[in-house]
Structures are given as structure tokens and as C-alpha cells.
Amino acid sequence: MKNLRYAIFIVSLALAQLPFTSEHALGQSKYDKAVAKVYISYDNGDYAKAIKMNEKLKKKVVKKLGAENRYMITYHYLAARINLDMGLLNEFDSNIDAAESMSQRVNQADPQQHAFLLNRLASLLLQNNNPKQALEYVELSTEVVEGQPVSSTLKARTELNLASIYSEQGYYTEAINFIKEHEKFYASRISDKDGKCNISI
């Protein structure tokens, strides 16, 4: 099943480049720029600086916008993500819980954004070898948008997480089905040098 895991990995890289909340699509406010600085440091592998920038973001946001807003959801998500990559797990669960519970309240009027966040948290939980809670978050993400139009990006994220979970549990046929259901979506985002998709399994 190496090909399956490789396909999931490649698709994960593609989806990782896509925004998970609308905040990245809004005009570049000073808070958006502060978030971008955290991501730049993180992407460069400078985790110490990423933590510093994330704490600076928190200080600015809390002072001007209060303790609950979309930027603080991003703060907790990034804190969990950075700490996971550094192997510092003391505050990982608390940041996951804080991001999820705050998103419930902040995104009441926009359940699709909450569903995006749940899927990003599920990905972190999978990385931390917690497929049970990851599955709970993925299933919750489908519940909160039930009966509503769902973007192709959100659906692809959800199906990829399910493929990863089923693959980890040994249900390879189900995992392959989840990947193939959105093959065209993935192919439009993953290309080799000749512009051809290379994720066949």
C-alpha cells in the first residue's frame, strides 16, 4: 500500500497550499500581515521565530479585538501545529480544544469555516497518532454543513482526511475510493514538469 500512502501524501501537499478560512482571502489588514509572518517563519523552519511571531499576534489581537475572534482561532491552530512539529506536546491538546471551541462560537453564522477548521485540526490529530479524535472532528465537520452547499475544496479536504484515517486503520479499499472520488480535483492542483498528474494508485 506504499502507492496509496504516497498518493495521500502528495494530495496533502497540494491541499496544504489552499486557504482553510476566508481570512486569507480578505484584504491585508495588519492582523493578516501578522499571521503571514508566522507562516513565513514556520515555512522556513524557524520555529522559535514562528512561536515569537504567533505570541506577538496574540498580544496585538487581544488588545484591539478582544479574546475571541477569527485571528485567535488561527493563533491556537498555529500554536498546536508548531508545537507538534517541534515535539512539544504539553499544550498541543489544549490549543486544539481552544481552536475548536472558539470556532464554534465565532463561526456560528458561517458553519463552512468551522468545518474547514475542524478538518485542519483533524490533520494535526492524525499526525499526532490520534485517528479516533481525528475521525470525530471529520464527522463533525460534515454534520455542521449538512444540507448546505459545500465547496469542492472543503469536500476534498474532508475526503482526504477520511482516506488517511481509513488507510491508517488498514481499510485500503475505502481509502482508495475516497481519493478516486475527487481525482479530477486533485489532478487540477498536482502536476509534474510536463503538466501531467502523477497521483495514480
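Definitions and cut-offs
Residues numbered from 1 in each chain as written. Predicted model: local features only at pLDDT ≥ 70, side-chain atom pairs only at ≥ 80, totals over all residues. Heavy atoms only, no water. Helix = DSSP H or I, 4+ residues; strand = E, 2+ residues; numbered from the N terminus. Buried < 20%, exposed > 50% of the residue type's maximum accessible area, 1.4 Å probe, protein only. Contact = heavy atoms within 4.5 Å. Areas by Shrake-Rupley, 256 points an atom, 1.4 Å probe, with all protein chains shown as cover. Polar contact = N/O pair within 3.5 Å; in protein donor to acceptor, adjacent residues only side chain to side chain. Expected span 1.5 Å × (residues − 1). Patch = residues over 30% accessible without salt bridge, like charges linked within 9 Å, V, L, I, M, F, W, Y side chains within 5 Å. Salt bridge = Lys/Arg side-chain N within 4 Å of Asp/Glu carboxyl O. Lys, Arg positive; Asp, Glu negative; His and termini not counted. Charge placed at Lys NZ, Arg CZ, Asp CG, Glu CD. Phe/Tyr/Trp six-rings, centres within 6.5 Å; stacked < 30°, edge-to-face > 60°. Arc of directions from axis to C-beta. Axes fitted to C-alpha atoms, helices over the stretch in contact; angles between N-to-C directions. Parallel < 35°, antiparallel > 145°, perpendicular 65-115°, else oblique. Left-handed = near helix turned anticlockwise from the far one by under 90°.

K.L.:
Would you mind going over the overall build of the protein with me for this structure?
P.N.:
The secondary structure content of the protein amounts to ten helices and zero strands. Taken from N to C terminus, the helices and strands of the protein fall in the order α-α-α-α-α-α-α-α-α-α. Put simply, the protein has 201 residues, and 45% of those count as buried. Looking at the protein alone, contacts between residues at least 24 apart form 64% of all its contacts between residues at least 6 apart. If you sum the accessible surface of the protein, you get close to 11,100 Å²; carbon and sulfur atoms cover 49% of it.

K.L.:
It is not clear to me how the environment of Tyr71 should be interpreted in this structure. Could you clarify?
P.N.:
Here Tyr71 shows up in helix 4 (residues 70-86). Classification of Tyr71 by relative accessible area gives buried; the value is 4%. Here the alpha-carbon distance between Tyr71 and Lys58, two residues 13 residues apart in the chain, equals 7.9 Å. In contact with Tyr71, not counting residues within four places along its chain, are Ser29, Tyr31, Asp32, Val35, Leu57, Val61 and Leu65. Of the polar contacts made by the side chain of Tyr71, one reaches the side chain of Asp32; its length is 3.0 Å.

K.L.:
What am I meant to see in helix 5 (residues 92-106) here?
P.N.:
Residues spaced three or four apart along an α-helix face the same direction, because each turn holds 3.6 residues. If you check helix 5, its first and last C-alpha atoms are 21 Å apart, about what 15 residues at 1.5 Å a residue would give, namely 21 Å. Turning to helix 5, its buried residues number three or more, namely Phe92, Asn95, Ile96, Ala98, Ala99, Glu100, Met102 and Ser103. Lining the buried residues of helix 5 we find helix 4, helix 6 (111-127) and helix 7 (131-144).

K.L.:
Just checking my understanding: could you explain a negative patch on the surface for this structure?
P.N.:
A surface patch of like charges, here negative, comprises Glu136, Glu139, Glu143 and Glu146. Mapped onto the elements of the fold, Glu143 is located in helix 7.

K.L.:
For this particular structure, what's the right way to read a positive patch on the surface?
P.N.:
Positive charge collects at one region of the surface, where Lys30, Lys33, Lys37, Lys49, Lys52, Lys56, Lys59, Lys60, Lys63 and Lys64 lie side by side. If you list the elements that add at least two residues to the positive patch, you get helix 2 (30-43) and helix 3 (47-65). With seven residues, the top contributor of residues to the positive patch is helix 3. Positionally, Lys37 belongs in helix 2. A relative accessible area of 46% means that Lys37 is categorised as partly exposed.

K.L.:
Teacher, can you tell me more about the packing of aromatic side chains here?
P.N.:
The geometry of an aromatic ring pair comes down to the distance between the two centres and the angle between the two planes. Tallied over the full model, the rule gives two aromatic pairs. Pairing Tyr31 with Tyr71 gives two aromatic rings, centres 5.4 Å apart and planes at 45 degrees, and the pair type is tilted. A residue pair is termed long-range when its members are at least 10 positions apart, and Tyr31 in helix 2 and Tyr71 in helix 4 qualify at 40 residues. Like Tyr71, Tyr31 is buried.

K.L.:
Just to check I follow, could you spell out helix 9 (residues 172-181) for this structure?
P.N.:
Within helix 9 the residues assigned to the buried category are Ala175, Phe178 and Ile179. Buried residues of helix 9, viewed axially, fall in a sector of 95 degrees; they line one side.

K.L.:
Which parts of the structure should I look at to understand unusual backbone geometry?
P.N.:
A negative phi angle characterises most non-glycine residues, just as the trans form characterises most peptide bonds. Even without a glycine there, the phi angle at Asn129 is positive, about 60 degrees. With respect to the element layout, Asn129 can be found in the loop between helix 6 and helix 7. Classification of Asn129 by relative accessible area gives exposed; the value is 68%.

K.L.:
Teacher, can you tell me more about the packing of helix 3 against helix 4 here?
P.N.:
The axes of two packed helices give the description: the angle between them and the distance between them. Following both chains from N to C, one finds helix 3 and helix 4 inclined at 160 degrees, their axes separated by 10 Å at the closest point. It follows from the interaxial angle that helix 3 and helix 4 lie roughly antiparallel. For the element pair helix 3 and helix 4, the recorded crossing hand is left-handed. Side by side, helix 3 and helix 4 meet where Tyr47, Ala50, Ile51, Asn54, Glu55, Leu57, Lys58, Val61, Val62 and Leu65 of the first sit next to Tyr71, Met72, Tyr75, Leu78, Ala79, Ile82, Asn83, Asp85 and Met86 of the second.

K.L.:
Which parts of the structure should I look at to understand the pattern of salt bridges?
P.N.:
Side-chain pairs of opposite charge can arise where the charged atoms are in close proximity. Per the stated rule, a full pass over the model turns up one salt bridge. Residue Arg105 is joined to Glu68 by a salt bridge in which the shortest nitrogen-to-oxygen separation is 2.6 Å. You can see Arg105 sitting in helix 5 and its partner Glu68 sitting in the loop between helix 3 and helix 4, a full 37 residues away along the chain. Classification of Glu68 as partly exposed rests on a relative accessible area of 41%.

That is the geometry; function is a separate question.
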